[in-house]
Amino acid sequence: MDIHEILQEKLTLRAARENMIHKMAELIAERIALWKEVPILQEIFQSEEPEVVAHAVSAFCETKLGHPPAEALFFFASVGVVFGFRMPDGQRLVIKVHRPERSLVFLTQMGNVQHILATQGYPCPRPLTVPQPLALGLATIDELIDEGVPRDAHEPDIRKAIATSLFQQIRLLRKSEQLGIDVRPFDLRLPSDVLWPKPHNAIFNFEATQEGAEWIDTLAWGSGLCEVVAYVRMIW
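Attention here is on the structure that accompanies the text. Remember, predicted model here, so these are calculated numbers, not experimental data. (Residues numbered from 1 in each chain as written. Predicted model: local features only at pLDDT ≥ 70, side-chain atom pairs only at ≥ 80, totals over all residues. Heavy atoms only, no water.)

1. Notes on the overall build of the chain
Working step 1: Secondary structure assignment for the chain yields seven helices and five strands.
Working step 2: In sequence order, the chain lays out its α and β elements as α-α-α-β-β-β-α-β-β-α-α-α.
Working step 3: Residue burial in the chain is summarised as follows: out of 236 residues, 34% are buried.
Working step 4: Pairs at least 24 apart in sequence give 57% of the contacts found in the chain among residues at least 6 apart.
Working step 5: Element-wise, carbon and sulfur atoms account for 57% of the exposed surface of the chain, whose accessible area totals about 15200 Å². (Helix = DSSP H or I, 4+ residues; strand = E, 2+ residues; numbered from the N terminus. Buried < 20%, exposed > 50% of the residue type's maximum accessible area, 1.4 Å probe, protein only. Contact = heavy atoms within 4.5 Å. Areas by Shrake-Rupley, 256 points an atom, 1.4 Å probe, with all protein chains shown as cover.)

What follows is the structure, given as structure tokens:
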């Protein structure tokens, strides 16, 4: 391969990379337009500029996986920031960047759980690497599994399937210590004098919306079902 062919190949790869970044930036911009703002982007990337975020995750893939993605597939943001990509070798993967307070210990053990479930045939995405730093958060990288179609969980057959899958998951993980799982990071119980956990998204501000919602707080103190009542509090 002569110098001209080498230069042409580099230009082609650069153009493909820029096209992928532009596509991911468009997907991010669509999500921002839908929600008006996506505070978790600011929390993790210190920016809500789509191009800034898209460049950051592309550089992450190039550094940690050896190549920038070949194609941007999707983008979502809620509890974390989620990117879908197809890599140059055809592999499709999901990168989820978690909030800064999510610990490495928790995410590592979560990856162990996923690996154990996947190796036993449970429909669970297999982690492709250990959690890696990205911007101010930690990123997990999993294989993309998108088989099937969305269904209504109110349908009896679907509810039964969900319950059956949950039972199977519990059965497979019942002997967690023998499987090498440290369950301590999963104990997210709050101190007895704390009513609500930190909301999963900055758009939910319990203090600013306290007026008129006192009855929900009263119900939560007496019920012991704070996680369920917290959902009511967020949509109130």
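2. Comments concerning the sheet that holds strand β5 (residues 137-143)
Working step 1: In spatial order, the strands read β1-β2-β3-β5-β4; together these five strands make up an open sheet with antiparallel pairing. Sheet topology places β1 (71-77) and β4 (132-134) at the edges, where each strand pairs with a single neighbour. Strand-to-strand twist of the sheet, defined as the mean angle between neighbouring strand axes without regard to direction, takes the value 30 degrees.
Working step 2: With six bridges connecting them, β1 and strand β2 (residues 81-86) associate as antiparallel partners. In the sheet register, F75 faces β2, and the bridge partner there is F83.
Working step 3: Along the sheet face, helix α3 (residues 50-65) touches β2, β3 (92-98), β4 and β5 and points at about 155 degrees away from the line of β4. (Pairing = 2+ DSSP bridges. Axes fitted to C-alpha atoms, helices over the stretch in contact; angles between N-to-C directions.)

3. Looking at the nonpolar core
The nonpolar side chains of soluble globular proteins are, as a tendency, buried together.
Working step 1: Residues F83, F85 and I95 are the most contacted members of the largest nonpolar core, which totals 30 residues.
Working step 2: When contributions to this core are tallied by element, the ones reaching two or more residues are α1 (3-35), α2 (39-45), α3, β1, β2, β3 and β5.
Working step 3: The element contributing the most residues to this core is α1, with seven residues.
Working step 4: Sequence-distant contacts of F85, that is, excluding residues within four places in its chain, are made with M20, M24, V57, C61, P69, E71, A72, L73, Q91, R92, L93 and I95.
Working step 5: Core analysis: the next-biggest nonpolar cluster, separate from the first, contains eight residues, L117, Y122, L172 and L173 among them. (Core = buried A, V, L, I, M, F, W, Y, C linked by side-chain atoms within 4.5 Å.)

4. Let's talk about the pattern of salt bridges
Working step 1: Taken as a whole and judged by the stated rule, the model has nine salt bridges.
Working step 2: In this structure, the salt-bridge partner of E62 is R17, at a minimum N-O distance of 3.6 Å. Here R17 lies in helix α1 and E62 lies in helix α3, a separation of 45 residues in the sequence.
Working step 3: Salt bridges sharing common partners tie together R17, E18 and E62. (Salt bridge = Lys/Arg side-chain N within 4 Å of Asp/Glu carboxyl O.)

5. Remarks on the packing of aromatic side chains
Working step 1: In the structure shown here, the tally under the stated rule is five aromatic pairs.
Working step 2: For the ring pair F106 and F186, a centre distance of 5.4 Å and an interplane angle of 75 degrees mean the geometry is edge-to-face. With F106 in helix α4 (residues 104-119) and F186 in the loop between α5 (156-172) and α6 (214-223), the pair connects residues that are 80 residues apart, well separated along the chain.
Working step 3: Through successive ring pairs, a cluster of aromatic residues spans F45, F75, F83 and F85.
Working step 4: Geometry around F106 places R102 over its ring, the cationic atom sitting 4.3 Å from the centre. (Phe/Tyr/Trp six-rings, centres within 6.5 Å; stacked < 30°, edge-to-face > 60°. Lys NZ or Arg CZ within 6 Å of the ring centre and 35° of its normal.)

6. A word on the pairing of β5
Working step 1: Most of β5 sits inside the fold, with six of its seven residues counted as buried.
Working step 2: Sheet topology note: the β3/β5 ladder contains six bridges and is antiparallel. What sits directly across from V97, in β5, is A139.
Working step 3: Bridge analysis of β4 against β5 gives three bridges, and the strand direction is antiparallel. Counted as the bridge partner of P133 is L138 from β5.
Working step 4: The antiparallel pairing of β4 with β5 creates a hairpin that spans two residues between the two strands, and A135 there sits at a positive phi of about 55 degrees.

7. So, the side chain of D142
Working step 1: Tracing the chain through its elements places D142 in strand β5.
Working step 2: No salt bridge forms around the buried D142; measuring N to O, its nearest opposite-charge neighbour K96 is 8.3 Å away.
Working step 3: Of the polar contacts made by the side chain of D142, one reaches the side chain of Q114; its length is 3.4 Å.
Working step 4: Beyond its immediate sequence surroundings of up to four residues, D142 is in contact with L93, V94, Q114, P125, R126, P127 and L128. (Lys, Arg positive; Asp, Glu negative; His and termini not counted. Polar contact = N/O pair within 3.5 Å; in protein donor to acceptor, adjacent residues only side chain to side chain.)

Interpretation note: all reported values are geometric properties and have no functional meaning in isolation.
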